[in-house]
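Observations on the model geometry
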Amino acid sequence: GALVYQYPRRTICKSGTSMRMECQAVGFQATSVAWYRQSPQKTFELIALSTVNSAIKYEQNFTQEKFPISHPNLSFSSMTVLNAYLEDRGLYLCGARPRVNQDTQYFGPGTRLLVL
Amino acid sequence: QQKVQQSPESLSVPEGGMASLNCTSSDRNFQYFWWYRQHSGEGPKALMSIFSDGDKKEGRFTAHLNKASLHVSLHIRDSQPSDSALYFCAASEPGTGGYKVVFGSGTRLLVSP
C-alpha cells in the first residue's frame, strides 16, 4: 500500500538552532509534496508545495530562508527549520500526492518539534 | 477569516448513534472537498473526497456536497468508539490538480460506549 514515512517522529532543539526533517513516500511515486505545520491548537498551515518539474512555492509567512526544502526525487523530501524559536513548535506534516490518484493526498505521521 | 470553517468544534455521540459534521467554504473558488480523520499521535488520513453535488456513500460514512452554498457535511452512522478522533474538512480549487489544500480547524468527535 501507499505509505508516507517521516523522520524523526519527535525532536527537541534549543532555541536558535536548526532541525532537519525527512519525508519518504513508499509504494508510490509522489508528483507533489506539501509541507504543513499543525499548531498546538490543531489548525493546519501550508508551508510550501513542491511539485515535480516546478519550483518550490512557499506560502505567505513562510520563506525558503527559514524553511529550506529539498525534493531530489519523486519519493523523498526534506525540510529544515532554521533558527527555530518557540513559535516554530508544532507537528510538521508531509503530504504526498500520488501520480495515479491525484485527488488524494497521503500524510505521514508528522515530526513533532519542541523548542526549548 | 478562515476560508474553510467547520462546526461544531466538538461533538459527543453514543455508540451506535449518528454523528453529523459540517463544513462551509467562504471562497467560491474552492469546489473540491475532502474529509480527513486524525487520531491522537498520528497524521491525518483521508476518509472521502467529494467533488460533485449530492451524496457520496462509503460504508458507514456519507458525505453531502451542495456547491451552490459551498456546504459539505459528513455523516457517520452506527458510530463506534474507534471513530473518536479529530475530523478535518479540506478544500481546494479545481484546475490546480488539488495540489493546494486548505484545511478547516477540525471537529473533535467523541463516541462513548
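Up top is the structure.
Worth saying up front: this structure is predicted, and the values here are computed from it rather than measured.

1. What about the state of the cysteines?
Using the criterion set out here, one finds 2 disulfides over all chains in the structure. Between Cys23(A) and Cys94(A) runs a disulfide, and the two sulfur atoms are separated by 1.8 Å. Across the S-S bond linking Cys23(A) and Cys94(A), the dihedral sits near -50°, which makes this disulfide left-handed. Taken as a pair, Cys23(A) in strand 3 (residues 19-26) and Cys94(A) in strand 9 (residues 90-98) lie far apart in primary sequence, 71 residues in all. Both residues of the pair, Cys23(A) and Cys94(A), belong to the buried class. With its sulfur 2.0 Å from that of its partner, Cys23(B) forms a disulfide with Cys89(B). Across the S-S bond linking Cys23(B) and Cys89(B), the dihedral sits near -65°, which makes this disulfide left-handed. On the criterion of sequence distance, the pair formed by Cys23(B) in strand 3 (residues 19-25) and Cys89(B) in strand 9 (residues 85-92) is long-range, its members being 66 residues apart.

2. Considerations on a nonpolar patch on the surface
A surface patch of nonpolar side chains, amounting to about 270 Å² of accessible area, comprises Leu3(A), Tyr5(A) and Val26(A). Mapped onto the elements of the fold, Leu3(A) is located in strand 1 (residues 3-7).

3. Examining the sheet that holds strand 7 (residues 69-73) of chain A
Residues and elements named next belong to chain A. Across the sheet, 4 strands lie side by side as 1-3-8-7; this open sheet has antiparallel pairing. Both edges of this open sheet fall to strand 1 and strand 7, since each of them pairs with a single strand only. Neighbour-to-neighbour, the strand axes of the sheet open up by a mean angle of 15°, direction not taken into account. The pairing of strand 3 with strand 8 (residues 76-81) spans 6 bridges and is antiparallel. Across the sheet, residue glutamate 22 finds its bridge partner in strand 8, namely serine 78.

Procedures and definitions
Residues numbered from 1 in each chain as written. Chains lettered and ligands numbered in written order. Predicted model: local features only at pLDDT ≥ 70, side-chain atom pairs only at ≥ 80, totals over all residues. Heavy atoms only, no water. Disulfide = S-S within 2.5 Å. Helix = DSSP H or I, 4+ residues; strand = E, 2+ residues; numbered from the N terminus. Buried < 20%, exposed > 50% of the residue type's maximum accessible area, 1.4 Å probe, protein only. Patch = residues over 30% accessible without salt bridge, like charges linked within 9 Å, V, L, I, M, F, W, Y side chains within 5 Å. Areas by Shrake-Rupley, 256 points an atom, 1.4 Å probe, with all protein chains shown as cover. Salt bridge = Lys/Arg side-chain N within 4 Å of Asp/Glu carboxyl O. Pairing = 2+ DSSP bridges. Axes fitted to C-alpha atoms, helices over the stretch in contact; angles between N-to-C directions.

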